Amino acid sequence: MGKLLVNQVEFASIQQFSKEGRGCATAHPNHYQIKRNDDNLRAMKVSPATLKTIEINVQFLHITSNGLGHITEPMRLDQIAVLNRAFAGTDISFKYLPTNVREIENSEWFNMDMGSDAEHQAKHTLHASPERNLNLYTAGLAAGLLGWATFPWELEGDRDRDGVVLQCDTLPGGTQERYNLGMTAVHEIGHWLGLYHTFQGGCDAFGDHVDDTVAHRAPNFGKPVPGDAQNNCCDTNQQAPIFNYMNYVDDDTMNEFTPQQIDRIKMHVIRYRPGFIVK
Ligand SMILES: [Zn+2]
């Protein structure tokens, strides 16, 4: 397999890039966080079926540096369209107004890493009411990364940090080969709404806490073929969720959230992000 250049880093192969996290720097929740969130969801006396309309207002925050990182209006509109296609039929939609854009020149913030002082400074300065907006930051990011997100239960402790960070060339029309159809945004927003990777926990009992994504021991990558023995399924009689947005396949190969992933998202919205529920 050939080498792969991602955000200034040359990986030996696409498999190697996948092993190193496919550029997703979202922190793995520890067992205390997983347990606390499970307890919170279990204590809820509502069903996701009661929740009909979720409208997520997107605030774009573009960090630029020396002519890099500018995002055009058509790219924003295409990204919103990609999000609405990914969530079509789920009662969840994304709304964008052209006034909800800020572009800021800052070369230090432009190269921010997950959890860095630069991320803290940028978000502390730029964030807009996370209870009512998805703060969607774009920048160059630390080399090799495509993006990261915070989980919904982190909003209570680190309000300013809430949101999704995207490498600027992953938006539709960007220059990042394989990963420029806007699916990094879909994947990271999946985390932002509470989803884990489909391969979370490997073949352990709890996996991603979603019953209709079959457990698999390792991520899929590239353009896997259904039935291929290489799809890493824990039960070899079943098919790993190779097209799922929360797996690691190429942008042009991701096309699915499962019904139970959407139910889990809705429970997280009711519990942590009620400001997006349309009454
Ligand atoms: Zn991820």
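Residues numbered from 1 in each chain as written. Predicted model: local features only at pLDDT ≥ 70, side-chain atom pairs only at ≥ 80, totals over all residues. Heavy atoms only, no water.

- The name that an unreviewed UniProt entry assigns to the protein is Metalloprotease MEP1-like protein, with the source organism given as Chitinophaga pinensis.

### Things to note about the overall build of the protein
Phase 1 of the analysis: Within the protein one finds seven helices and ten strands.
Phase 2 of the analysis: A compact globule built from 279 residues should have a C-alpha radius of gyration of about 19 Å, and the protein, at 18 Å, falls within 12% of that.
Phase 3 of the analysis: Oriented by its inertia axes, the alpha-carbon framework of the protein measures out at about 55 × 50 × 35 Å.
Phase 4 of the analysis: Relative to its full complement of 279 residues, the protein shows a buried share of 54%.
Phase 5 of the analysis: Once local pairs closer than 6 in sequence are excluded, the contacts in the protein between residues at least 24 apart make up 72%.
Phase 6 of the analysis: Accessible surface computed for the protein: about 12500 Å², of which carbon and sulfur atoms make up 51%. (Helix = DSSP H or I, 4+ residues; strand = E, 2+ residues; numbered from the N terminus. Rg over C-alpha atoms; globule rule 2.2 N^0.38 Å. Buried < 20%, exposed > 50% of the residue type's maximum accessible area, 1.4 Å probe, protein only. Contact = heavy atoms within 4.5 Å. Areas by Shrake-Rupley, 256 points an atom, 1.4 Å probe, with all protein chains shown as cover.)

### With respect to the side chain of Thr184
Phase 1 of the analysis: Within the secondary structure, Thr184 sits in helix H6 (residues 183-192).
Phase 2 of the analysis: Of the residues examined, Thr184 reaches a relative accessible area of 2% and is grouped as buried.
Phase 3 of the analysis: Not counting residues within four places of it along the chain, the set of residues in contact with Thr184 comprises Arg22, Leu146, Leu166, Thr170, Tyr179 and Asp251.

### Quick word on the side chain of Asp208
Phase 1 of the analysis: Within the secondary structure layout, Asp208 lies in the loop between H6 and strand E9 (221-222).
Phase 2 of the analysis: One buried charged side chain, Asp208, makes no salt bridge at all; its nearest oppositely charged neighbour is Arg264, positioned 7.2 Å away.
Phase 3 of the analysis: A polar contact is formed between the side chain of Asp208 and the backbone nitrogen of Val210, at a distance of 3.1 Å.
Phase 4 of the analysis: Engagement of the side chain of Asp208 in a polar contact is seen with the side chain of Thr213, the distance being 2.5 Å.
Phase 5 of the analysis: The contacts of Asp208, once residues within four sequence positions are left out, are Tyr196, His197, Thr198, Gln200, Thr213 and Arg264. (Lys, Arg positive; Asp, Glu negative; His and termini not counted. Salt bridge = Lys/Arg side-chain N within 4 Å of Asp/Glu carboxyl O. Polar contact = N/O pair within 3.5 Å; in protein donor to acceptor, adjacent residues only side chain to side chain.)

### Brief notes about the packing of aromatic side chains
Phase 1 of the analysis: Under the criterion given, the structure shown has twelve aromatic pairs.
Phase 2 of the analysis: Taking the centre distance of 4.7 Å and the plane angle of 5 degrees together, the rings of Phe151 and Trp153 count as stacked.
Phase 3 of the analysis: Classification of Phe151 as buried rests on a relative accessible area of 4%.
Phase 4 of the analysis: In this structure, Arg273 packs its charged tip against the face of Trp192, placed 3.9 Å from the ring centre. (Phe/Tyr/Trp six-rings, centres within 6.5 Å; stacked < 30°, edge-to-face > 60°. Lys NZ or Arg CZ within 6 Å of the ring centre and 35° of its normal.)

### Some words on the state of the cysteines
Phase 1 of the analysis: Tallied over the entire structure, the rule returns one disulfide.
Phase 2 of the analysis: Here Cys203 pairs with Cys234 through a disulfide, and the sulfurs are 1.9 Å apart. Measuring handedness by torsion sign, the sulfur bridge of Cys203 and Cys234 sits at about -90 degrees and is left-handed. Placement of Cys203 in the loop between H6 and E9 and of Cys234 in the loop between E9 and strand E10 (248-249) is noted, with a sequence separation of 31 residues between them.
Phase 3 of the analysis: The partly exposed category is assigned to Cys203, whose relative accessible area is 40%. (Disulfide = S-S within 2.5 Å.)

### A closer look at the coordination of the zinc ion
Phase 1 of the analysis: Every protein donor of the zinc ion is listed here as Cys24 (SG), His187 (NE2), His191 (NE2) and His197 (NE2), and their distances to the metal cover 2.0 to 2.3 Å.
Phase 2 of the analysis: In this structure, the zinc ion is coordinated by four donor atoms arranged in tetrahedral fashion, with angles at the metal of 97 to 125 degrees.
Phase 3 of the analysis: Expressed as a motif, the donor residue spacing for the zinc ion is C-x162-H-x3-H-x5-H. Placement of the pair is Cys24 in the loop between helix H1 (14-19) and helix H2 (31-42) and His191 in helix H6, with a sequence separation of 167 residues. We note that Cys24, like His191, is buried. (Donors = N, O, S within 2.8 Å, 3.2 Å for Na, K, Ca; no water. Tetrahedral: all angles 85-135°; square planar, octahedral: opposite > 155°, others 65-115°.)

### Topic: the pattern of salt bridges
Phase 1 of the analysis: This structure, assessed with the given rule, holds 17 salt bridges.
Phase 2 of the analysis: As a salt-bridge pair, Glu55 and Lys95 come within 3.8 Å of each other at their nearest N and O atoms. On the criterion of sequence distance, the pair formed by Glu55 in strand E3 (residues 54-64) and Lys95 in strand E4 (residues 92-95) is long-range, its members being 40 residues apart.
Phase 3 of the analysis: By relative accessible area, which is 35% here, Glu55 ends up partly exposed.
Phase 4 of the analysis: We classify Lys95 as partly exposed; its relative accessible area is 36%.
Phase 5 of the analysis: A salt bridge links Lys223 to Asp252; the nearest nitrogen and oxygen atoms lie 2.8 Å apart. Here the residue Lys223 occupies a position in the loop between E9 and E10, and Asp252 occupies one in the loop between E10 and helix H7 (259-272), the gap between them amounting to 29 residues.
Phase 6 of the analysis: Members of the salt-bridge network, linked through shared partners, are Arg178, Lys223, Asp250 and Asp252.

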